[in-house]
Amino acid sequence: PPLPPIPPEPPEPPDIYNFLEQLPDNLKWAVYRCTVPNQGLTIAQAIMANQAVAVSDASLKAKFGTSALVIEGPTDLHRVLGVNIVPGPIKEGDSYRCELAGLIGIVILIQGICLAHKVRHGSVTIACDNIATLYVFAPDFVPEPSHENFDMVTCLWNLIKQSPVPWQAEHVSGHQVGKKNRQLLTR
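As the structure is a prediction and not an experimental result, all values here were calculated from the model. (Residues numbered from 1 in each chain as written. Predicted model: local features only at pLDDT ≥ 70, side-chain atom pairs only at ≥ 80, totals over all residues. Heavy atoms only, no water.)

Q: Would you mind going over helix 3 (residues 95–116) with me for this structure?
A: Counting along an α-helix, one turn takes 3.6 residues, and residues three or four places apart therefore face a common direction. The terminal C-alpha atoms of helix 3 lie 32 Å apart, and with 22 residues this matches the ideal 32 Å at 1.5 Å per residue to within 8%. Burial runs high along helix 3: 20 of the 22 residues are buried. Immediately downstream of helix 3, the backbone of Lys118 shows phi near 55°, a positive value. (Helix = DSSP H or I, 4+ residues; strand = E, 2+ residues; numbered from the N terminus. Expected span 1.5 Å × (residues − 1). Buried < 20%, exposed > 50% of the residue type's maximum accessible area, 1.4 Å probe, protein only.)

Now the structure itself:
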């Protein structure tokens, strides 16, 4: 009797880390380290339900900048965490560049999660304590070539334009130690 046909290879499961490894060299800094539990499936579901929230914050000391980010759904279950080191040069006091770095990391991770889980609808609320960085998410925003952080602004702007889902930007006050917790307005 003839041999049974060989079954087709099962499709590869989504792999967000493979997506990150395939980033162009000039973007790998943006997600220097991260943890993406369950390959971002929980976040993908939150995006499609319009319940995904992403927050970043940055730090600058002695011309060395870093940023950290968190992405989660309606709870902190399977939240995504990431950090990066801001590419320079960084002027002393230029926290704007550092805040942009955190937002770039968020948008890249969301793109990878959307790609891995075939997300084509939904939205993400993104929050930051530097209101000027959030203007990049405005539909009519256009980068200004004379801006000293034009490279970072343009990078973020292009990533937003390529995003498979829309973004809702929200400013949050920084340094909330000792203040009452509050929910994001869009949550």
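Now that the structure is up, let's keep going.
Q: Whenever I open this one, the nonpolar core confuses me. Can you help?
A: One recurring pattern in soluble globular proteins: nonpolar side chains tend to sit buried together. Formed by 50 residues in total, the largest nonpolar core has its most connected members in Ile47, Ile108 and Ile110. Secondary-structure elements contributing two or more residues to this core are helix 1 (16–21), helix 2 (41–48), strand 2 (52–61), strand 3 (64–72), helix 3, strand 5 (124–128) and helix 5 (150–162). Ranked by the residues each element gives to this core, the list is headed by helix 3, at 13 residues. Once residues lying within four places of it in the same chain are set aside, the contact partners of Ile47 are Ala52, Ile110, Ile113, Cys114, Val119, His121, Gly122, Ser123, Val124 and Val165. (Core = buried A, V, L, I, M, F, W, Y, C linked by side-chain atoms within 4.5 Å. Contact = heavy atoms within 4.5 Å.)

Q: Got a minute to help me understand the packing of aromatic side chains in this structure?
A: One pair of aromatic rings is described through two measures. These are the centre distance and the angle between the planes. One pass over the structure, following the stated rule, counts 1 aromatic pair. Judged by centre distance (5.9 Å) and plane angle (55°), the ring pair of Phe137 and Trp167 falls under tilted. With a gap of 30 residues between them, Phe137 in the loop between helix 4 (131–134) and helix 5 and Trp167 in strand 6 (residues 167–171) connect regions that are remote in the sequence. The class of Phe137 is buried, set by a relative accessible area of 9%. Looking at Trp167, the relative accessible area reads 11%, which means it is buried. (Phe/Tyr/Trp six-rings, centres within 6.5 Å; stacked < 30°, edge-to-face > 60°.)

Q: Even after reading the chapter, I still don't get unusual backbone geometry, so can you show me in this structure?
A: A cis amide bond links Gly88 to the next residue, Pro89, at an omega of 5°. Look at Asn50: it is not a glycine, yet its phi comes out positive at around 55°. Tracing the backbone through its elements, the reader meets Asn50 in the loop between helix 2 and strand 2. The partly exposed category is assigned to Asn50, whose relative accessible area is 48%. One non-glycine residue, Lys63, lies in the positive phi region at around 65°. Secondary-structure assignment places Lys63 in the loop between strand 2 and strand 3.

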